[in-house]
Amino acid sequence: MTFLDVDGLTTRYQTSKGQVHALEDVNFSLEKGESIGIAGESACGKSTLGLTLIRMIQGGKIISGKITFDGESILDITESKFDNDYRWKKISMVFQGAMNSLDPVYTIKQQFVEVLKEHDYEGDSEKLIFDSISSVNLDESVLKKYPHELSGGMKQRIIIAMALLLKPKFVIADEPTTALDVLIQAQIVNLLKKLKKDGMSIMLITHDLAVLSEIADKIGIMYGGGMIEFGSSQDIYKNPKHPYTKGLLESIPTLRGGKPKYIKGNPPNLLSPKEGCKFIDRCPEAMEKCKKDPPRFKTDSGYVMCWLYE
Ligand code: SF4
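Residues numbered from 1 in each chain as written. Predicted model: local features only at pLDDT ≥ 70, side-chain atom pairs only at ≥ 80, totals over all residues. Heavy atoms only, no water.

A. Structural context of the packing of helix H3 (residues 108-118) against helix H4 (residues 125-135). Packing of H3 against H4 leaves a shortest axis separation of 11 Å and a crossing angle of 115°. Note that H3 runs across H4; the crossing there is right-handed. Contacts from Lys109, Phe112, Val113 and Leu116 in H3 reach Ser125, Glu126, Leu128, Ile129, Ser132 and Ile133 in H4. Across the contact of H3 with H4, the residue classes tally to 6 nonpolar, 2 polar and 2 charged. (Axes fitted to C-alpha atoms, helices over the stretch in contact; angles between N-to-C directions. Helix = DSSP H or I, 4+ residues; strand = E, 2+ residues; numbered from the N terminus. Left-handed = near helix turned anticlockwise from the far one by under 90°. Contact = heavy atoms within 4.5 Å. Nonpolar A, V, L, I, M, F, W, Y, C, P; charged D, E, K, R; others polar.)

Below is the structure:
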């Protein structure tokens, strides 16, 4: 049974200027134990995808699509059932920049206890907190500390431990290494690798394709609110198809030297977007046909949305 299947997911935000097409017909699937990396520039729909999966879209609405998680169609269940049985318990999320939201006047332990109170947890809280702290390679001494006594890497691990507290099967991590120095980034990447080895399925959202190569079995490339290429990590890194994916990979600096290339132009405005490929204004291979929306064309391990592969 497929662990996670996302079919035609579409989410929009209503603004005073009109509807923002933040997520448009997104499709992908994961098997049990697999992890996925979601990459793309800022404002391409990555975070909205994570928030849609955990049903926490503020100011927006899921317009259409289906999410099947562990055999259950989770957009069809009521908000109270989703809140009681799924959110944080089966699907959890590490929000972007969350390590800066730890409360400075409470110890780490008090903040864990507060989370459990919110969920009316009645089991052995001490053990649950200890297990969670241990799973992110921290020891008990950290529980007596205040956030200002911890390094950035420790705070980020606390946030990940909080997301793991109720033992979810699937964790969405939104830019967990952004704003951390490279050594701490490496610690967090190693931690995510360990969690994956322990059987956790992870969705890692990042603009950094180099980080994804360490963790993801599959990769989804987002552009203009759509997932324009999806496939195994191996295929995406070794044989990228979409001109945007190629551009992203060419923009990674390498030790072999040579200047990294960059993709000229800016991402499209998602407020009432026009018909056709969203990458058309920046694509070196654009042609007349690209003024029509490209469908999904099958690749060895997934699909690509580009007329070059018709
Ligand atoms: Fe470029 Fe056309 Fe492919 Fe879009 S559909 S990426 S414009 S070639």
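B. Representation of the site of the ligand. The full set of residues close to the ligand is His242, Pro243, Cys277, Phe279, Ile280, Cys283, Glu285, Ala286, Cys290, Cys306, Trp307 and Leu308. Of the residues assigned to the shell around the ligand, the class counts are 10 nonpolar, 1 polar and 1 charged. (Near = heavy atom within 4 Å.)

C. Broad picture of the side chain of Glu175. Topologically, Glu175 is positioned in the loop between strand S7 (170-174) and helix H6 (182-197). For the buried Glu175, no salt bridge exists, and the shortest N-O distance to an oppositely charged side chain is 4.2 Å, to Lys46. A distance of 3.2 Å separates polar atoms of two side chains, one belonging to Glu175 and the other to His207. Apart from the residues lying within four places of it in its own chain, the contact partners of Glu175 are Lys46, Gln96, Ile205, Thr206 and His207. (Buried < 20%, exposed > 50% of the residue type's maximum accessible area, 1.4 Å probe, protein only. Lys, Arg positive; Asp, Glu negative; His and termini not counted. Salt bridge = Lys/Arg side-chain N within 4 Å of Asp/Glu carboxyl O. Polar contact = N/O pair within 3.5 Å; in protein donor to acceptor, adjacent residues only side chain to side chain.)

D. Molecular detail of the sheet that holds strand S10 (residues 226-232). In spatial order, the strands read S6-S7-S8-S3-S9-S10-S12-S11; together these 8 strands make up an open sheet with mixed pairing. In this open sheet, the two edge strands, each paired with only one partner strand, are strand S6 (91-94) and strand S11 (297-298). Strand direction decides the pairing type here: strand S9 (residues 218-223) and S10, joined by 6 bridges, are antiparallel. Opposite Ile221, over in S10, you have Glu229 as the bridge partner. In this fold helix H1 (residues 46-53) packs onto strand S3 (36-39), S6, S7, strand S8 (201-206), S9 and S10, with an angle of close to 150° to the strand it touches most, S8. Contacts between helix H9 (residues 243-250) and the sheet are confined to S9 and S10, with S9 contributing the most and set at about 105° to the helix. (Pairing = 2+ DSSP bridges.)

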